[in-house]
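Examination of the molecular architecture
Take a look at the letters that make up each chain.
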Amino acid sequence: MDLVRLETRTDEAIAAFGVDGQGVTIAVLDRGIDWQHPDFINEDGTTRIKWLLDMSGFNLCDPGNPAPVEYSEAEINAALAGGPALAFRDAVGHGTATAGTAAGNGRALPDLRYRGIAPAADLIIVKMTSEGAPAHDGEPAEASFQGCIDDALDWLDAKIDLLGQPAVAIINSGTQWGPMDGTSAVSRKIDEIFGEDTPGRVMVIPSGDEGSLANHSGADYDSSGETVIGISKASTTFAVMSAWYSGSQPAEVTVTFDDGTSVGPVAPGGFLSQSGVTIINYLPGTEFYPWISTSGDGALWMGVDGHATTGTFRILGQGAGTGRVDLYGDVIGPNLTPIISMTDSLVPGRLNDYAATTSAVVVANHVIRTDWIDIDGVPQQILGEGTVGELWLKSSDGPARDGRTHGVDLSAPGQNLFASVGPNSYWATFSGNLPFGSGGLYTRFGGTSGSAPILVGTVALMLQADAGLTASDVRQILRETAVGDANTGALPNAAWGFGKLDVYEAVRSAAGSIFIDGFESGDTSSWSSSVP
């Protein structure tokens, strides 16, 4: 975060405009938080967290989900003062890093070097998801789960109202899983709670971590003959493909593999499972949560067990006219790579579904460092994912599936920054990621998961300067103040959006005319008149 604040001119903005996030709420929907970490505790020993919500054990919006567990600011303070401990943790480490990047105060180290962008903002934390974590160092394992985002956002809406402050939120997860056109259940709920034109409410979403992967193809189809897209399965591990196609042009689908397997055709509304391949062809509007879409398009869920070979996806229209299909692979392979990938017909656009939300401000990721010294004094280096200043290799690009450009609004320097981490989390076991002199309380962070909370903190500073800003206002300011260089190329474009984040100029613009023409430095020569 020291390098991030330097590149984005954050400290300049704080010094010039007197902003630090005070009076603004930052809501983090992620894997939880280490509520005992010094970066989220005030100098007087009290917490900066207003509420915690734990959705552990949820299965999306299943009616049989356990009741979520809520903790208040008073309960957190009591625990910090030696009272009953809270059964709340960030077993992975991801949620703590998100909160620290956006709003950590840096108090874990005397020089505050890794403080976040808005170090005085209030926090609301929702433990909404987890990929799971193994048992280690006396810490119990955590099972994976996915909470109900609709429920989480309704709860958050009520808490923001209670605080009566402007708020910026982040859902720091997501893949190409859904319609990717702003019509999914999650996108519609975000629009309902935050919206384009609601004063003092903004949702920030990472663009995704699937850029450069061969896991999105697109093609036209009709009834004259099958349209064929090549696929490849890297291992026998169970994996899922999905597809969305024009609802006005119903189609049947077949999946084949070069080992002789052929499953289908499956017509709209149909289901077929044989030879380790399952195909569900959903009629428009009959999809499962969170896919449920108002787009009117058809959707396909295709699970494949076994078949580590090449094959094809085949689609045939059932009536007159031409339709469009988009086919998506997974990201469950090693280092977030696909088990099922496409071998032809690749097209741009790898935004995660939440990033296609109309009201969301969407951020890409570029590299802030490639070398560091770890906690044991060992030099570490990451090569092959971009050099300093370049776009991170897997930063997802636009457009959205419905063709909206640019998809990405701008980029922040989130790749290989250092942010807060819970010393008892799974991430803290990777000593090579813990920077020298960090005391094990900071870790290397990256992906668009690292860049998005930089923007969250930036928006908090902007909302402190003007609490009435809407998401549309914030997006316009960020786009207008973003900067280009040799790495971004001509702007705007699908990968970088409108350029690199400049926090100073964004806050300056949000603050309005009082900070223009040198007024903050006492120079009023450009002002037309003075009034005693």
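This text follows the structure it describes.
Report on the accompanying structure. (Residues numbered from 1 in each chain as written. Predicted model: local features only at pLDDT ≥ 70, side-chain atom pairs only at ≥ 80, totals over all residues. Heavy atoms only, no water.)

Quick look at unusual backbone geometry now. Note the cis peptide between Gly398 and Pro399, where omega equals 5°. Along the chain, Pro399 turns up in the loop between strand E22 (379–381) and strand E23 (410–415). Each neighbour pair has its own omega, and for Leu491 with Pro492 the value is -5°, a cis peptide bond. Take Pro492: it is sitting in the loop between helix H8 (471–481) and helix H9 (503–511). For Met180, which is not glycine, the phi dihedral falls at a positive 55°. (Helix = DSSP H or I, 4+ residues; strand = E, 2+ residues; numbered from the N terminus.)

Now for the state of the cysteines. Following the criterion strictly, the structure yields 1 disulfide and no others. At a sulfur-sulfur separation of 2.0 Å, the disulfide partner of Cys61 is Cys148. The sign of the S-S torsion, about 80°, decides the handedness of the disulfide formed by Cys61 and Cys148: right-handed. Taken together, the positions of Cys61 in the loop between strand E2 (49–54) and strand E3 (69–72) and Cys148 in the loop between strand E6 (145–146) and helix H5 (149–163) put the pair 87 residues apart, joining distant regions of the chain. By relative accessible area, which is 32% here, Cys61 ends up partly exposed. (Disulfide = S-S within 2.5 Å. Buried < 20%, exposed > 50% of the residue type's maximum accessible area, 1.4 Å probe, protein only.)

Turning next to the nonpolar core. Grouped together as the largest cluster of nonpolar side chains are 59 residues, with contacts concentrated most on Ile26, Leu52 and Val204. No other element matches helix H7 (residues 448–465), which puts 9 residues into this core. Beyond its immediate stretch of four places on either side in the chain, Val204 contacts Val168, Ala169, Ile170, Ile171, Val361, Val363, Ala452, Leu455, Val456 and Val459. Membership of the second largest hydrophobic core comes to 37 residues, among which are Ala27, Leu153, Leu351 and Ala360. (Core = buried A, V, L, I, M, F, W, Y, C linked by side-chain atoms within 4.5 Å. Contact = heavy atoms within 4.5 Å.)

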